[in-house]
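Understanding the architecture of this molecule
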Amino acid sequence: MSRDQTDDSRPSGAAPAAPASDPLADELRALREVAPPASLVARVMTQVATPQPFSLWRWLRRPIRFEVRLSALTVLATGLVLTVGATALVRGARSSSPVNLAARGEVAAPVGARDSEAEPVLVRFVFEAHGARRVAVAGSFNAWKEQVLTLEDGASDGPSAGVFVTTLAVPRGTHEYMFVVDGRWIADPLATERRPDGFGRQNSLLRL
Amino acid sequence: MALNPDQSGAFLANVTNVANAGNVALAWTARDEEERRLIASCVAGDAEAFRPLVIRYQRQAFAVALRMLGSRSDAEDITQQSFIDAFNALERFRDDGRPRAFSTWLLRIVVNRSKDVLKSKRRTEQPLERDVAGADAVFAHDPSDPEAHASGGQRRRRLEAALLAVPAKYREVLVLKDVEDLSYEEIRAILRLPITTLKIRVVRARAMLRALLEPDAETEGELR
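What you see is a predicted model, and the numbers here were worked out from it, not measured in a lab.

Parameters and conventions
- All residue numbers here refer to positions counted from 1 along the written sequence of the relevant chain.
- In the order they appear in the text, chains get letters beginning with A and ligands get numbers beginning with 1.
- Given that this is a predicted model, residues contribute local features only at a pLDDT of at least 70 and side-chain atom pairs are listed and counted only at 80 or more, while totals for whole chains, interfaces and linings are drawn from all residues.
- Here the side-chain values reflect all heavy atoms present in the structure, with hydrogen atoms and water set aside.
- With a 1.4 Å probe rolled over the protein chains alone, any residue whose accessible area is under 20% of its type maximum counts as buried; one over 50% counts as exposed, and the rest are partly exposed.
- Secondary structure elements are taken from DSSP: a helix is a run of H or I of four residues or more, a strand is a run of E of two residues or more, and numbering for both begins at the N terminus.
- What the arc measures is the spread of directions leading from the helix axis to the C-beta atoms.
- Pairs of strands are assigned from DSSP output, requiring at least two bridges between the strands.
- Pairs were defined over the aromatic rings of Phe, Tyr and Trp, the Trp ring being its six-membered one, requiring ring centres within 6.5 Å. Orientation was assigned from the angle between planes: stacked under 30 degrees, edge-to-face over 60, tilted for the rest.
- Only when the NZ atom of a Lys or the CZ atom of an Arg is both within 6 Å of the ring centre and within 35 degrees of the ring normal do we say a charge sits over the ring.
- For every residue, the predictor states its confidence as a pLDDT score lying anywhere from 0 to 100.
- Residue contacts are defined here by distance: any two heavy atoms, one from each residue, within 4.5 Å place the two residues in contact.
- Each salt bridge in this description consists of a side-chain nitrogen of Lys or Arg and a carboxyl oxygen of Asp or Glu lying within 4 Å of one another.

**Comments concerning helix H8 (residues 184-191) of chain B**
It helps to recall that an α-helix has 3.6 residues per turn; residues three or four apart then point in one direction. All names here are of chain B. Listed in full, the buried residues belonging to H8 are Tyr184, Glu186, Ile187, Ile190 and Leu191. The arc that holds every buried residue of H8, seen down its axis, measures 155 degrees, which confines them to one face. In the stretch just after H8, Arg192 is the one whose phi turns positive, near 55 degrees.

Laid out in structure tokens, this is it:
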């Protein structure tokens, strides 16, 4: 039984390269000489020729075969196209980043405008009322909730005496507002536009 | 069967020698190419293209099943069912450019189905119907000398019985290697075991077989 030490690559069924000296090996090899049943081929072929009933599971497991044949030239051309495409994509991605956009004036301008439209505008409300104890502002921008103004520091007879101020972030658009001075609703005397409030008075108009 | 330490040492030495032998890769042949075409035809719906494959491998498939099971009727059933299983699974078969891919795949089905039968019979504790030495067995040699024929037949029956007495995991490698004369590459593809494991099993299986045959040999000698 030294056959396996000589040639493992020999095709099955081929004659041994060297005669085996072991009688047991010969006897074992002789056991392969058996005759399959004469009807085996016919029985198998009858079975395989009979169409099987449809099985969804078998159909789902059925592999989908497709073949791709490429020449070396096609592979090279495809590789080149992919490389160029990938490079363009990378460059495009870099140029579309916010940092780069900001650096480029022509693109930054509309982006800045779009951003500023969405952002609220800081509006400084000023009301001069000598002797008033409390001044607030209320409008459509803060759901008509009184927002108290602060009395600016300054000498009682200086230019800023009796001046109440506050700075609010107001969304862009058109807003109506009023000052509330010691409980009395007063339209902004400095407002350029006013609109009737429906109760016989007028609200100041602020366009942003 | 108990093995003494000396025997184990000898096994390891043999295995080392075998492992050092070159394992040259099998070559893709025109036969592989033809089988690939036949399989493609089968998958395309031409069931008749399967016939040459059945004719080509029926002997080998049947012999492996017979030597594994020892029962001709079981071997017939297993062989037939293995071919049908193979046909039904041809769509999933991939040769991946491996030589003799179909035959090793088919034999894997045969071996696995044979093992299933052995397990099933062991579970139900039914003794195997071993009739390999019956009238249906076809012998390799048909000597003209009747005495030699009788002696050869007796020796063969003893060998068949001894082979069936070898545990299944050793018997399968012995059948594939020494009976069917397959290469270790092919056996690896069939059993999906490392070649070193296969070589160890072959060496041990041969030792088991010899040990099983030894008393017979002694008896034979005494008779002479």
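**Some remarks on the pairing of strand E9 (residues 202-207) of chain A**
Two faces, one strand: in a regular strand the side chains alternate between the faces of the sheet. As paired elements, strand E6 (residues 174-181) of chain A and E9(A) share four bridges and run antiparallel to each other. Residue pairing in the sheet places Glu176(A) in a bridge with Leu205(A) of E9(A).

**Thoughts on the sheet that holds strand E5 (residues 163-170) of chain A**
For sheets, the rule is that strands pair by backbone hydrogen bonds, running either parallel or antiparallel. All names here are of chain A. Pairing in this open sheet of three strands is antiparallel, and the strands run E1-E5-E4 from one edge to the other. At either end of the open sheet lies a strand with only one pairing partner, and these are strand E1 (121-128) and strand E4 (150-151). Pairing of E1 with E5 involves eight bridges; the strand directions are antiparallel. Its bridge partner lying in E5, Val123 is registered against Leu168.

**Structural notes on the packing of aromatic side chains**
Per the stated rule, a full pass over the model turns up 13 aromatic pairs over all chains. Taken together, a centroid distance of 5.4 Å and an interplanar angle of 70 degrees make the contact between Phe125(A) and Tyr177(A) edge-to-face. Linking Phe125(A) in strand E1 with Tyr177(A) in strand E6, this pair joins segments that are 52 residues apart in sequence. Across this residue pair, the class does not change: Phe125(A) and Tyr177(A) are buried. With 6.4 Å between their ring centres and 50 degrees between their planes, Trp144(A) and Trp185(A) make a pair best called tilted. Highlighted residues: Trp144(A) in the loop between strand E2 (135-139) and strand E3 (147-148) and Trp185(A) in strand E7 (residues 184-186), separated in sequence by 41 residues. Site record: aromatic cluster; members linked through ring pairs are Phe50(B), Tyr57(B), Phe83(B), Phe87(B), Phe93(B), Phe102(B) and Trp105(B). For Lys177(B), the ring lying beneath its charged end belongs to Tyr184(B), and the centroid distance is 4.3 Å.

**Some remarks on the environment of Leu182(B)**
All names here are of chain B. Following the sequence through the fold, Leu182 ends up in the loop between helix H7 (168-179) and H8. Residue Leu182 is classed as buried on the basis of its relative accessible area, which comes to 2%. Sequence-wise, Leu182 and Thr104 are 78 residues apart; in three dimensions their C-alpha atoms are separated by 9.6 Å.

**Re the confidence of the model for chain B**
Should pLDDT be low for a region, the predicted coordinates there are not to be read in detail. Residues and elements named next belong to chain B. For chain B, per-residue confidence averages 79 on the pLDDT scale, and 71% of positions sit at 70 or higher. When pLDDT is averaged over each element of chain B, helix H3 (residues 51-69) comes out on top at 95 and helix H1 (residues 5-20) at the bottom at 39. Note that pLDDT drops below 50 for residues 1-24; the model gives that stretch 25 contacts with residues more than four away or on any other chain. This stretch, residues 133-144, has a pLDDT under 50; its non-local contacts, to residues over four places away or in other chains, come to 18 contacts. Overall fold confidence for the complex sits at a pTM of 0.53, while the interface term, ipTM, reaches 0.72.

**Let's talk about the pattern of salt bridges**
All names here are of chain B. What the rule picks out here adds up to 22 salt bridges over all chains. Close ionic contact of Asp95 with Arg36 constitutes a salt bridge, the shortest N to O distance being 2.8 Å. Here Arg36 lies in helix H2 (residues 30-43) and Asp95 lies in the loop between helix H4 (72-88) and helix H5 (101-123), a separation of 59 residues in the sequence. Given the relative accessible area of 14%, Asp95 is considered buried. For Lys115, the salt bridge goes to Glu172, with nearest N and O atoms at 3.0 Å. Separated by 57 residues along the polypeptide, Lys115 in helix H5 and Glu172 in helix H7 bring together distant segments of the chain. Using a relative accessible area of 26% as the deciding quantity, one classes Lys115 as partly exposed.

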